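Take a look at the letters that make up each chain.
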Amino acid sequence: MSAAETSTQQTSTQQTSTQQTSTQRTSPQRTSPQKTSAQQTAPRRNGRTGRRGKTGVYVLLSLGVLVMSAPFLWMALSAFKTDRELAASPPVWLPTDWTLAHFSRLLDRLDLPLYFFNSVLVAVLVTVSNLVFCSMLGYALAKLRFAGRNKLFALVLGALMVPGNLMLLPLFVLMSKLRLIDSYAGLVLPFAAGAFGVFLMRQFMQSIPDELLEAARMDGAGEWYIFWRIVMPLVKPALATLAILTFLGSWNNFVWPLIATNDPGKYTLPVALATFATDPNQSEGSNGMLMAGSLLVVLPVLLVFMVLQRYFTQGIATAGIK
């Protein structure tokens, strides 16, 4: 083999290796746009999937709201229907002839202003007493150091586990011995404070920094001043939550007012409506009047919830955070 042929083969070998090296260097550059496009497509797919999931959740929640609100809507609309529309088959949802006849007939047969006053008085007194007493005990359990504090809190937790119906007989015997049957005091005092309210306020007050209270004590503030001027303004969401739940429970309370009152002049709205519904002399053809009375019972609760809704949401979200 001549020297020229040998040099030609070496040259071709070097060119081949150079082409392979350049191919290896350029191959990542060719595939990198493909990887980039795949990386850009993945978030789009995830975003579409997330939006579809949110849409499905909203649809399910909307259906749940419709199912839960259907009885209330039926009651509210039926209060303004005529007797013919109430007895129609198939049922009629929207009244064609809106009427207030059921409300006027109900006012003629029942002393609604008196029963409404009784319900408002009892519910307001129970709510205010719970806000004051439960806040005091919750503050003591959360921020004060005294012997038996943990045992007292355990007693509160134990009271939460006792069904309320088991306490009806002891409460009735106690109110009878105190001669408070057929009185407003007998309707209010058994529910002036509750274990749930104490637990709620104690958990919320634990989130208040101890340094803030210590600074107030160093400035010469007493516990009474600290409680009313510093702690109470900071726990407005918890107070609103407790106020709504207590007012709702007291307003809708039926069993205890039925047991503790024999005088119709002390009846609350739920007891008066139940008595009216079971009286054959008055309840004949009274479906519309019962719907009207039920609507009157529900409206104050809705009004209270609408006024305190913002604080109620904050109280539920932050209660228990330490």
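Structure report, in brief. Because the structure is a prediction, the values reported are computed rather than measured.

Definitions and limits used
Residues numbered from 1 in each chain as written. Predicted model: local features only at pLDDT ≥ 70, side-chain atom pairs only at ≥ 80, totals over all residues. Heavy atoms only, no water. Helix = DSSP H or I, 4+ residues; strand = E, 2+ residues; numbered from the N terminus. Buried < 20%, exposed > 50% of the residue type's maximum accessible area, 1.4 Å probe, protein only. Contact = heavy atoms within 4.5 Å. Areas by Shrake-Rupley, 256 points an atom, 1.4 Å probe, with all protein chains shown as cover. Lys, Arg positive; Asp, Glu negative; His and termini not counted. Salt bridge = Lys/Arg side-chain N within 4 Å of Asp/Glu carboxyl O. Patch = residues over 30% accessible without salt bridge, like charges linked within 9 Å, V, L, I, M, F, W, Y side chains within 5 Å. Expected span 1.5 Å × (residues − 1). Arc of directions from axis to C-beta. Phe/Tyr/Trp six-rings, centres within 6.5 Å; stacked < 30°, edge-to-face > 60°. Core = buried A, V, L, I, M, F, W, Y, C linked by side-chain atoms within 4.5 Å.

1. Describing the overall build of the chain
Counting its secondary structure elements, the chain contains 15 helices and zero strands. Buried positions account for 31% of the 322 residues belonging to the chain. Put simply, 71% of the contacts in the chain that link residues at least 6 apart link residues at least 24 apart. Total accessible area computed for the chain in this model is approximately 20200 Å², and 65% of it derives from carbon and sulfur atoms.

2. A look at unusual backbone geometry
Although it is not a glycine, Arg179 adopts a positive phi angle of roughly 60°. With respect to the secondary-structure elements, Arg179 resides in the loop between helix 6 (168-177) and helix 7 (184-188). Overall, the relative accessible area of 77% leaves Arg179 in the exposed class. Here the phi dihedral of Asp182 falls at roughly 60°; this positive angle occurs in a residue that is not glycine. Residue placement: Asp182 occurs in the loop between helix 6 and helix 7. Looking at Asp182, the relative accessible area reads 26%, which means it is partly exposed.

3. Structural notes on the side chain of Arg202
Along the chain, Arg202 turns up in helix 8 (residues 195-205). No salt bridge is formed by the buried Arg202; its nearest oppositely charged neighbour, Asp210, is found at 11 Å.

4. What to know about a nonpolar patch on the surface
Judged by side-chain polarity, Leu169, Phe172, Val173, Phe254, Val255, Leu258 and Ile259 come together as a nonpolar surface patch covering roughly 550 Å² of accessible area. Mapped onto the elements of the fold, Phe172 is located in helix 6.

5. Observations regarding helix 10 (residues 223-234)
The periodicity of an α-helix, 3.6 residues per turn, causes residues three or four positions apart to be oriented the same way. For helix 10, built from twelve residues, the straight-helix expectation of 16 Å at 1.5 Å per residue is met to within 8% by its first-to-last C-alpha distance of 15 Å. Restricting attention to buried positions, one finds in helix 10 the residues Ile226, Phe227, Ile230, Val231 and Met232.

6. Comments concerning helix 3 (residues 101-109)
Within helix 3, burial applies to His102, Phe103 and Leu106. Projected down its long axis, helix 3 shows its buried positions confined to an angular sector of 100°, all on one face.

7. Some details on the packing of aromatic side chains
Evaluated as defined, the whole model comprises ten aromatic pairs. Each ring, one from Trp74 and one from Trp93, has its centre 5.3 Å from the other, and the planes form 80°; the classification is edge-to-face. Note that Trp74 is positioned in helix 1 (residues 3-78) and Trp93 in the loop between helix 2 (83-86) and helix 3, a separation of 19 residues in sequence. Classification of Trp93 as partly exposed rests on a relative accessible area of 43%. Ring centres of Phe116 and Trp251 lie 5.7 Å apart, and the angle between their planes is 75°; on these two criteria the pair is classed as edge-to-face. In this pair, Phe116 is assigned in helix 4 (residues 112-143) and Trp251 in helix 11 (residues 236-251), connecting sequence segments 135 residues apart. In this structure Phe116 comes out as partly exposed when scored by relative accessible area, which is 37%. Cluster of aromatic residues (ring-pair linked, three or more members): Tyr139, Trp224, Phe227 and Trp228.

8. Remarks on the nonpolar core
If you look at the biggest cluster of nonpolar residues, it comprises 25 residues, and the most contacted ones within it are Tyr139, Met201, Met205, Leu213, Ile226, Val231 and Val235. Of all the secondary-structure elements, those providing two or more residues to this core are helix 4, helix 5 (149-160), helix 8, helix 9 (210-218), helix 10 and helix 11. In contact with Met205, not counting residues within four places along its chain, are Ser135, Gly138, Tyr139, Ala142, Lys143, Phe227, Val231 and Val235. Core analysis: the next-biggest nonpolar cluster, separate from the first, contains 16 residues, Tyr115, Leu273, Met289 and Val297 among them.

9. Describing the environment of Leu308
With respect to the secondary-structure elements, Leu308 resides in the loop between helix 14 (287-307) and helix 15 (309-318). C-alpha of Leu308 to C-alpha of Leu239: the two residues are 69 residues apart in sequence and 9.8 Å apart in space. When sequence neighbours within four positions are dropped, the list of residues in contact with Leu308 reads Ala240, Ala243 and Ile244.

10. A few points about the pattern of salt bridges
Applying the stated criterion across every chain, the model contains four salt bridges. A salt bridge links Lys143 to Asp210, with the shortest nitrogen-to-oxygen separation between them at 2.6 Å. One end of the pair, Lys143, is in helix 4; the other, Asp210, is in helix 9, and 67 residues separate them in sequence. Looking at Lys143, the relative accessible area reads 12%, which means it is buried.

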